[in-house]
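Descriptive structure summary
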Amino acid sequence: MTYVANPQHRNAQFAFTKSQWTISVSEETSCYSLSLAKNWKCQKSHYWGIYVANAPATSLLPIGTSTPPSLSTLYIAKFVSDNQVQWHGYPVAHWLSTYDKPPEIVVTQWRDAGYINTAAMSRILRGKICTL
């Protein structure tokens, strides 16, 4: 599956309407690759990602910022495909949109793998802001 970085999520001109990546394109691609490898999906056309540091293996790194006025640090990515089966992703503020909230099955996998704790899992599933 081909991954293509969406320039709108890396361009300050779109920062008022689109979340922005704060990690490099290669790190973004690594986040996508981990999502595929771990099968963090709910639907055929949606994968969910987190960016894991090299050491310790379970440390999550921030990946982006939300749109104003909150400009919050984001830790979760959503990856979607277009009609040509190309994939792109963007950091999500899971508390601002129900469409950008990862499904329980994925969040449970993150908790079970030690990437997040039970309190963070609960806050994500309830659509509450939290620092991971």
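In this report, the structure presented in the accompanying data block is examined.

Across its full length, the chain holds three helices and nine strands. Mapped from its N terminus to its C terminus, the chain presents α and β elements in the order β-β-α-β-β-β-β-β-β-β-α-α. The C-alpha extent of the chain, read off along each of the three principal axes, is 35 × 35 × 30 Å. Within the chain, buried positions represent 39% of all 132 residues.

Let us look at the packing of aromatic side chains. Enumeration according to the criterion identifies eight aromatic pairs in this entry. Summarising the aromatic geometry, the rings of Tyr3 and Phe79 are spaced 5.8 Å apart at their centres and angled 70° between planes, so their arrangement reads as edge-to-face. With a gap of 76 residues between them, Tyr3 in strand 1 (residues 2-3) and Phe79 in strand 8 (residues 76-81) connect regions that are remote in the sequence. For Tyr3, a relative accessible area of 15% corresponds to the buried category. Ring geometry for Trp21 and Phe79: centres 6.4 Å apart, planes at 25°, overall stacked. With Trp21 in strand 2 (residues 20-21) and Phe79 in strand 8, this residue pair connects regions lying 58 residues apart in the sequence. Comparing Trp21 with Phe79, the two get one shared label, buried. One aromatic cluster is present, formed by Tyr3, Trp21, Tyr32, Tyr47, Phe79 and Trp87 through successive ring pairs.

Another aspect to go through is the nonpolar core. The biggest cluster of nonpolar side chains holds 18 residues, and the ones touching the most others in it are Ile50, Leu60, Ile76, Trp110, Tyr115 and Ile116. Broken down by secondary-structure element, the contributors of at least two residues to this core are strand 4 (46-52), strand 9 (86-92), helix 2 (104-112) and helix 3 (118-125). Excluding residues that lie within four positions of it along the chain, Trp110 makes contacts with Trp40, Trp48, Gly49, Ile50, Ile76, Pro102, Tyr115 and Ile116. In terms of nonpolar packing, the next biggest core, distinct from the first, is built from 11 residues, Tyr3, Ile23, Tyr51 and Trp87 among them.

On to helix 2. Within helix 2 the residues assigned to the buried category are Val106, Val107 and Trp110. All buried residues of helix 2 lie within an arc of 95° about the axis, which places them on one face of the element. Set apart from the buried face of helix 2 by more than 90 degrees, the exposed residues are Glu104, Ile105 and Asp112. Next to the buried residues of helix 2 lie strand 3 (41-43), strand 4, strand 8 and helix 3.

This part is about unusual backbone geometry. Of the consecutive residues Pro68 and Pro69, the connecting peptide bond is found in the cis state with omega at 10°. Of note in this structure, Leu71 is not a glycine but carries a positive phi near 45°. Among the secondary structure elements, Leu71 is positioned in the loop between strand 6 (64-65) and strand 7 (73-74). Overall, Leu71 belongs to the exposed group, its relative accessible area being 53%.

About the thresholds
Residues numbered from 1 in each chain as written. Predicted model: local features only at pLDDT ≥ 70, side-chain atom pairs only at ≥ 80, totals over all residues. Heavy atoms only, no water. Helix = DSSP H or I, 4+ residues; strand = E, 2+ residues; numbered from the N terminus. Buried < 20%, exposed > 50% of the residue type's maximum accessible area, 1.4 Å probe, protein only. Phe/Tyr/Trp six-rings, centres within 6.5 Å; stacked < 30°, edge-to-face > 60°. Core = buried A, V, L, I, M, F, W, Y, C linked by side-chain atoms within 4.5 Å. Contact = heavy atoms within 4.5 Å. Arc of directions from axis to C-beta.

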